[in-house]
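Listed below, chain by chain, are the residues.
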Amino acid sequence: MEKIIIKGGQKLKGTVKISGAKNSALPILAASLLSEETSIIENVPRLRDINTMKKLLESLGVKVNFEGNSVRVEPGNFVGYEAPYEFVSTMRASICLLGPLLARQRKARISLPGGCVIGTRPIDLHLKGLAALGADIDIRHGYIIARAEQLSGNDNIYLGGPFGSSVLATCNVMMAAVLARGETVIENAACEPEVLDLANFLTKMGAKIKGAGSHRIIIKGVNELKGAKHRIMPDRIETGTYMIAAAITGGNINIVNANLRHISAIADRLKQAGVEIIKIDKKIKVRVKDPIRPVDVTTLPYPGFPTDMQAQMTALMSVTEGISVITEKVFPRRFLHVSELIRMGCRVYLEGSSAIINGIKRLSGAQVMASDLRASAALVLAGLVAEGQTVISRVYHLDRGYERMEEKLAGLGANIKRVKR
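Notes on the structure follow. Quantities reported herein were computed from a predicted structural model and do not represent experimental measurements.

**Some points on the layout of surface pockets**
Right, so step 1: Reported here for the second largest pocket is a volume of approximately 500 Å³.
Right, so step 2: Ile248, Thr249, Gly250, Val319 and Lys361 are, among the 20 residues lining the second largest pocket, the residues nearest its centre.
Right, so step 3: Counting only elements with at least two residues in the lining of the second largest pocket, the list comes to helix 8 (236-249) and helix 12 (373-385).
Right, so step 4: Top element by residues in the lining of the second largest pocket is helix 8. It accounts for 3 residues.
Right, so step 5: Its residues assigned to classes, the lining of the second largest pocket shows 9 nonpolar, 5 polar and 6 charged.

Written out as structure tokens, the structure reads:
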């Protein structure tokens, strides 16, 4: 089993290039099934989840070829309609195949994704939206079984729920609606940049979509789509993570291939904490001159502070002297990283959906275990400033969402390596 070993204390400096967004690439790879023609998708990160999606598409009879970070998808022999448990159990985003399978094959059989360590994420909105397009949906033996002889547009699909709008549910309904008969209107749609990126790809394929990136999306169904070439947007969560890496080490780094507009809430909180963030030409300069100040953070759907940055921000506040409060409004139970940070000396008290942090000057290196993707990143960040050595196990979580993270950090001067134990 692989582990990451970090010796803390190095200020980061240099330039880091941001990879393509995993949360954009996965639904776009799924959307390539909507045409019989070949699509070329560029800037695809080489990640564990991307490899899982590749295997899943290949199990459906699709040819998927990587050349560097470009993917050629040839769905000409696409015959399958099932996403089995072996794939969905390792990658919840497999559910984004439900819409394309229904639209192209008129049927789909996908394993239920279930809950996860960061809290329950129901699929009700996916099923509600697709049923509104005319799909007949049943759940049997742990599988979603959906059929539709002809999907029909619906001018009032509301994707609201107790957890707010859903990115993947919005993507699923949008992908199904592009080949449905008539017009579809999605109300309370997720407005994350990844939804807009998918809409841009679908538009290149010949789809007719208006309003993507807002809470109201209008889709006029077409008879068929063509192949397209598209470049995946930069990963905004990776961008935010490297910003915090610079902040937590008191460093001075340049970030390239990033979009500052996508991370306004993250940048705002970091600026409030005293981090200098400047856009110069095509790079973002992040540097720290004065001690970081404590700030309070509340996670919210986009354009609010993203839940996927909560663990990283917790790590930063743990070494920021003073009191800060981080409130999790998206996944209230998403604090499993806290117990491992406490092993490193973090002073934090959990009260409901909030973490109250009493920051200290320096953490202590320790053996810790990652519980999920973003928790992994938080432990790496903590290790960068901890005294002594930090050993992180179960780093396969990290590989789900960060491309060559230890190599990129080493390129910035961190004392970090991956080992097999």
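**Here we look at the pairing of strand 16 (residues 276-280)**
Right, so step 1: Of the strand pairs in this sheet, strand 16 and strand 17 (residues 283-287) are connected by 5 bridges, and their pairing is antiparallel. Counterpart to isoleucine 277 in the pairing with strand 17 is valine 286.
Right, so step 2: In this structure, the hairpin formed by strand 16 and strand 17 is closed by a connection of 2 residues, where aspartate 281 is found at a positive phi of approximately 55°.

**Brief notes about the state of the cysteines**
Right, so step 1: Within this structure, the stated rule accounts for 0 disulfides.
Right, so step 2: No disulfide involves cysteine 171; its nearest neighbouring cysteine sulfur is the one of cysteine 96, lying 7.6 Å away.
Right, so step 3: Of the residues examined, cysteine 171 reaches a relative accessible area of 1% and is grouped as buried.

**Digging into the packing of aromatic side chains**
The way to describe two aromatic rings as a pair is by their centre distance and the angle between their planes.
Right, so step 1: One pass over the full model with this rule turns up 0 aromatic pairs.
Right, so step 2: Between the NZ or CZ atom of lysine 107 and the centre of the ring of tyrosine 81, over which it lies, the distance is 4.4 Å.
Right, so step 3: Directly above the ring of tyrosine 143 sits arginine 109, whose terminal nitrogen or CZ lies 3.8 Å from the centroid.

**Concerning the nonpolar core**
Right, so step 1: Counting 76 residues, the largest nonpolar core has Leu34, Met174 and Leu202 as its most contacted members.
Right, so step 2: For this core, the leading source of residues is helix 6 (residues 167-177), giving 7 residues.
Right, so step 3: Ile263, Val288, Phe335 and Val385 belong to the second-largest nonpolar core, a separate cluster that totals 70 residues.

**With respect to helix 6**
Right, so step 1: Of all the 11 residues making up helix 6, 9 are buried; the element is thus mostly covered by neighbouring parts of the structure.
Right, so step 2: Taken as a whole, helix 6 has its buried residues at Ala169, Thr170, Cys171, Asn172, Val173, Met174, Met175, Ala176 and Ala177.
Right, so step 3: In this structure serine 166 caps helix 6, since a side-chain oxygen of it lies 3.1 Å from the backbone nitrogen of alanine 169.

**Details of the sheet that holds strand 17**
Right, so step 1: An order of 2-15-17-16 is seen for the 4 strands of this open sheet, with the pairing classed as mixed. Looking at the sheet topology across the chains shown, the edges are occupied by strand 2 (13-17) and strand 16. For this sheet the average axis-to-axis angle between neighbouring strands, irrespective of direction, equals 20°.
Right, so step 2: The sheet strands contacting helix 8 are strand 2, strand 15 (252-256), strand 16 and strand 17, and the helix crosses strand 15 at an angle near 170°.

**Some details on the environment of glutamate 238**
Right, so step 1: Checked against the element boundaries, glutamate 238 lands in helix 8.
Right, so step 2: As for glutamate 238 and valine 330, which are separated by 92 residues in sequence, their C-alpha atoms are 19 Å apart.
Right, so step 3: Glutamate 238 has contacts with Ile18, Ser19, Tyr402, Glu403 and Lys408, leaving out every residue within four places of it along the chain.
Right, so step 4: Here the side chain of glutamate 238 touches serine 19 through a polar contact of 2.8 Å, landing on its backbone nitrogen.

**As for the packing of helix 1 (residues 22-31) against helix 2 (residues 48-59)**
Right, so step 1: Contact geometry of helix 1 with helix 2 gives a least axis separation of 10 Å together with a crossing angle of 5°. Considering the angle they form, helix 1 stands roughly parallel to helix 2. The residues of helix 2 that touch helix 1, namely those facing Lys22, Ala25, Leu26 and Leu29, are Asp49, Ile50, Met53 and Leu57.
Right, so step 2: In the contact of helix 1 with helix 2, the residues fall into 6 nonpolar, no polar and 2 charged.

**Remarks on the side chain of serine 24**
Right, so step 1: Note that serine 24 resides in helix 1.
Right, so step 2: Using a relative accessible area of 0% as the deciding quantity, one classes serine 24 as buried.
Right, so step 3: Those residues in contact with serine 24, other than ones at most four positions away along the chain, are Glu194, Asp197, Ile232 and Met233.

**Structural notes on helix 11 (residues 336-343)**
Right, so step 1: Residues His337, Val338, Glu340 and Leu341 constitute the buried set of helix 11. For helix 11, the angular spread of buried residues about the axis comes to 165°, placing them on one side.
Right, so step 2: Of the surrounding secondary structure, the elements contacted by the buried residues of helix 11 are helix 10 (310-318), strand 20 (348-351), strand 22 (367-369) and helix 12.
Right, so step 3: Two residues or fewer after helix 11 comes glycine 345, characterised by a positive phi angle close to 105°.

**Describing the side chain of glutamine 105**
Right, so step 1: Relative to the elements of secondary structure, glutamine 105 occurs in helix 4 (residues 98-105).
Right, so step 2: At 3.1 Å, the side chain of glutamine 105 and the backbone oxygen of glycine 80 are in polar contact.
Right, so step 3: Residues contacting glutamine 105, with those up to four places away along its chain left out, are Phe78, Val79, Gly80, Tyr81 and Pro100.

**Side note on the pattern of salt bridges**
Right, so step 1: If you walk through the whole model with that rule in mind, you get 19 salt bridges.
Right, so step 2: Among the salt bridges present, the one from aspartate 49 reaches arginine 400, with a minimum N-O distance of 3.1 Å. With aspartate 49 in helix 2 and arginine 400 in the loop between strand 23 (389-393) and helix 13 (405-411), this pair connects stretches of sequence that are 351 residues apart.
Right, so step 3: Take arginine 400: its relative accessible area is 21%, and that puts it in the partly exposed class.
Right, so step 4: Taken together, the shared-partner salt bridges connect Glu2, Asp399, Glu406 and Arg418 into one network.

What counts and what doesn't
Residues numbered from 1 in each chain as written. Predicted model: local features only at pLDDT ≥ 70, side-chain atom pairs only at ≥ 80, totals over all residues. Heavy atoms only, no water. 1 Å grid on protein atoms, 1.4 Å probe; cavity = no way out; pocket = protein on both sides within 12 Å on 5 of 7 lines; lining within 4 Å. Points joined across faces, edges and corners; volume = space filled by probe spheres on them. Helix = DSSP H or I, 4+ residues; strand = E, 2+ residues; numbered from the N terminus. Nonpolar A, V, L, I, M, F, W, Y, C, P; charged D, E, K, R; others polar. Pairing = 2+ DSSP bridges. Disulfide = S-S within 2.5 Å. Buried < 20%, exposed > 50% of the residue type's maximum accessible area, 1.4 Å probe, protein only. Phe/Tyr/Trp six-rings, centres within 6.5 Å; stacked < 30°, edge-to-face > 60°. Lys NZ or Arg CZ within 6 Å of the ring centre and 35° of its normal. Core = buried A, V, L, I, M, F, W, Y, C linked by side-chain atoms within 4.5 Å. Polar contact = N/O pair within 3.5 Å; in protein donor to acceptor, adjacent residues only side chain to side chain. Axes fitted to C-alpha atoms, helices over the stretch in contact; angles between N-to-C directions. Contact = heavy atoms within 4.5 Å. Parallel < 35°, antiparallel > 145°, perpendicular 65-115°, else oblique. Arc of directions from axis to C-beta. Salt bridge = Lys/Arg side-chain N within 4 Å of Asp/Glu carboxyl O.

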